[in-house]
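Each chain, written out:
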Amino acid sequence: MIVYSLTKKGALQLENWIKQPITELAVSHDLFSLKLFFINDQNDPRIAELIDEEKALIKSQLQHLYARKKLLFSDQKNINADCKIKLNT
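Residues numbered from 1 in each chain as written. Predicted model: local features only at pLDDT ≥ 70, side-chain atom pairs only at ≥ 80, totals over all residues. Heavy atoms only, no water.

Draft legend 1. Quick peek at the overall build of the chain. The helix and strand inventory of the chain stands at four helices and zero strands. Secondary structure elements in the chain, listed N-terminal to C-terminal, are α-α-α-α. Looking at the chain as a whole, 6% of its 89 residues qualify as buried. (Helix = DSSP H or I, 4+ residues; strand = E, 2+ residues; numbered from the N terminus. Buried < 20%, exposed > 50% of the residue type's maximum accessible area, 1.4 Å probe, protein only.)

Here you go:
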């Protein structure tokens with residue numbers, strides 16, 4: 001098993017980064033909304049296809065997130081072990 005740990009300098013930089021306020025939203029490439037914007041006819045059959053594709057992508061992402069939650073946070077012991085930051089001395 002490989003264990004990575006932060007140096008004191010790295011832990012300080014991480015702490016400073018976490019404390020910095022978030023002042024802008026991350027760049028997002030929302031192609032779904034962009035495509036819908038440029039379809040001019042509300043009866044265009046591509047709208048239903050786009051919605052079905054977007055729903056499938058979101059469901060897939062949600063399943064992935066639930067699996068990660070189960071893996072990482074299945075019990076308090078795992079949470080404490082996985083989230084501990086170890087410092088090099």
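More follows now that the structure is in view.
Draft legend 2. Just the pattern of salt bridges, in detail. Tallied over the entire structure, the rule returns one salt bridge. Where Asp44 meets Arg46, a salt bridge forms, and the shortest distance between an N and an O atom there is 2.6 Å. With relative accessibility at 14%, the residue Asp44 sits in the buried group. (Salt bridge = Lys/Arg side-chain N within 4 Å of Asp/Glu carboxyl O.)

Draft legend 3. How the structure looks around the packing of aromatic side chains. Tallied over the entire structure, the rule returns one aromatic pair. Look at Phe37 and Phe38: their rings are 5.0 Å apart centre to centre, the planes differ by 85°, and that puts the pair in the edge-to-face class. In terms of burial, Phe37 and Phe38 fall into one category: exposed. (Phe/Tyr/Trp six-rings, centres within 6.5 Å; stacked < 30°, edge-to-face > 60°.)

Draft legend 4. The packing of helix 2 (residues 31-38) against helix 3 (residues 46-72), seen in detail. Remark: helix 2 packs on helix 3, axes separated minimally by 11 Å, with the N-to-C direction vectors making an angle of 170°. Considering the angle they form, helix 2 stands roughly antiparallel to helix 3. For the pair helix 2 and helix 3, contact is made by Phe32, Lys35 and Leu36 and by Ile47, Leu50, Ile51 and Glu54, respectively. When grouped by side-chain class, the residues that make up the contact of helix 2 with helix 3 number five nonpolar, no polar and two charged. (Axes fitted to C-alpha atoms, helices over the stretch in contact; angles between N-to-C directions. Parallel < 35°, antiparallel > 145°, perpendicular 65-115°, else oblique. Contact = heavy atoms within 4.5 Å. Nonpolar A, V, L, I, M, F, W, Y, C, P; charged D, E, K, R; others polar.)

Draft legend 5. Fine view of the environment of Ile39. Relative to the elements of secondary structure, Ile39 occurs in the loop between helix 2 and helix 3. Judged by relative accessible area, Ile39 falls into the buried class, the value being 14%. Once residues within four sequence positions are removed from consideration, Ile39 is found in contact with Asp44, Arg46, Ile47 and Leu50.

Draft legend 6. Seen up close, a nonpolar patch on the surface. Judged by side-chain polarity, Leu31, Leu34, Phe37 and Phe38 come together as a nonpolar surface patch covering roughly 480 Å² of accessible area. Within the secondary structure, Leu31 sits in helix 2. In this structure Leu31 comes out as exposed when scored by relative accessible area, which is 54%. (Patch = residues over 30% accessible without salt bridge, like charges linked within 9 Å, V, L, I, M, F, W, Y side chains within 5 Å. Areas by Shrake-Rupley, 256 points an atom, 1.4 Å probe, with all protein chains shown as cover.)

Nothing here speaks to function; it is geometry throughout.
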